[in-house]
Amino acid sequence: MLEKDIFYMKQALAEAKKAYAKDEVPVGAVMVLDDRIVAKGYNQVELLQDATAHAEMLALSTCADFVENWRLIDATIYTTLEPCVMCAGAIIQCRVKRVVWGAKDIRLGANGSFVDLFAKKHPIHQVEIVGGVLEAESADLLRAFFQKKRKEKKGLELN
C-alpha cells in the first residue's frame, strides 16, 4: 500500500461522510490525474432517485468533463467500497488505469466478493487493482450507517 493511496483514500472517505450526512449509503470516490484530485463524487441515489448515481459513476463523469474525453487512461479512481458490476463496467469502459478501493462488498462487489469483472483479460485494456486500502474505516462507516437505518426502522415499527 502506497502512502499516496492512503492520502487519496482519506479524501474519498471525506466524500463518503458527505453521503452519510445526507442519509445516503456512505460511499465516496475521487479521481486522480497527475497526483491531483480532478473529480469527486459521493452516493446520491436517494437524492436524485437514480440507481446509477453511485459515487464512482459521478466521479467518472465529472473527470471525463474535466479532461474533455471519455477515455481516462491515465486516471486512478479511489473508492471507499469495492465497485459494483455497473461501476466496474464503467471503469473498464472509460479505460481507467487504476482502481483503489476500501471495503469489500459481498452483495455486489465486482472485484471478487460477488463476481470478478476485472479478472477476465480485456483485449485492449487492463485495469490495475488495489483493494483493502483503509478497509476498516470504510467498513465502519458503512456499518454505522446501516445500524442507524435499522434503529430508525425499528423505531417506526414500534410507533
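In the block above lies the structure referred to throughout.
Scoring rules and cut-offs
Residues numbered from 1 in each chain as written. Predicted model: local features only at pLDDT ≥ 70, side-chain atom pairs only at ≥ 80, totals over all residues. Heavy atoms only, no water. 1 Å grid on protein atoms, 1.4 Å probe; cavity = no way out; pocket = protein on both sides within 12 Å on 5 of 7 lines; lining within 4 Å. Points joined across faces, edges and corners; volume = space filled by probe spheres on them. Helix = DSSP H or I, 4+ residues; strand = E, 2+ residues; numbered from the N terminus. Nonpolar A, V, L, I, M, F, W, Y, C, P; charged D, E, K, R; others polar. Pairing = 2+ DSSP bridges. Phe/Tyr/Trp six-rings, centres within 6.5 Å; stacked < 30°, edge-to-face > 60°. Buried < 20%, exposed > 50% of the residue type's maximum accessible area, 1.4 Å probe, protein only. Lys NZ or Arg CZ within 6 Å of the ring centre and 35° of its normal. Expected span 1.5 Å × (residues − 1). Arc of directions from axis to C-beta.

*Asks:* Would you mind showing me how to read the layout of surface pockets here?
*Replies:* Rolled over the atoms, a probe with the dimensions of a water molecule shows which regions are left empty. Of the volumes computed, that of the largest pocket is approximately 610 Å³. As for the largest pocket, its lining consists of 27 residues, of which Val25, Leu81, Arg107, Leu142 and Phe146 are closest to the centre. Only helix H2 (45-48) and helix H5 (135-158) provide two or more residues apiece to the lining of the largest pocket. The greatest single-element share of the lining of the largest pocket, amounting to seven residues, is contributed by H5. For the lining of the largest pocket, the class distribution of residues is 14 nonpolar, two polar and 11 charged.

*Asks:* Can you walk me through the pairing of strand E2 (residues 36-42) in this structure?
*Replies:* In regular strands, side chains alternate between the two faces of the sheet. When strand E1 (residues 28-33) meets E2, the two strands line up antiparallel, connected through six bridges. Paired with glycine 28 across the two strands is tyrosine 42, which belongs to E2. Hairpin remark: E1 followed by E2, antiparallel, with two residues in the connecting loop; positive phi at aspartate 34, about 50°.

*Asks:* Is there a simple way to explain the packing of aromatic side chains in this structure?
*Replies:* Two measures describe an aromatic ring pair: the distance that separates the ring centres and the angle between the ring planes. Under the defined criterion, the tally for this structure stands at four aromatic pairs. Taking 5.8 Å as the distance between ring centres and 70° as the angle between the ring planes, the aromatic pair formed by tyrosine 20 and phenylalanine 145 counts as edge-to-face. Taken as a pair, tyrosine 20 in helix H1 (residues 3-21) and phenylalanine 145 in helix H5 lie far apart in primary sequence, 125 residues in all. Its relative accessible area of 24% is what places tyrosine 20 among the partly exposed residues. These aromatic residues form a ring-pair network of at least three members: Phe7, Tyr8 and Tyr78. Here the guanidinium or amino end of lysine 148 rests over the ring plane of tyrosine 20, the centre of that ring lying 4.8 Å away.

*Asks:* What is the right way to look at H1 in this model?
*Replies:* Helical geometry note: an α-helix holds 3.6 residues per turn, so side chains three or four residues apart project in the same direction. Between its terminal C-alpha atoms H1 stretches 27 Å, which fits the 27 Å expected from 19 residues at 1.5 Å a residue. All buried positions along H1 are accounted for by Asp5, Tyr8, Met9, Ala12, Leu13, Glu15, Ala16 and Ala19. Angularly, the buried residues of H1 cover 160° about the axis, an arc narrow enough to put them on a single face. In H1, those exposed residues whose orientation departs by more than 90 degrees from the buried face are Glu3, Lys10, Lys17 and Ala21. One or two steps after H1, the chain reaches aspartate 23, where phi turns positive at roughly 65°.

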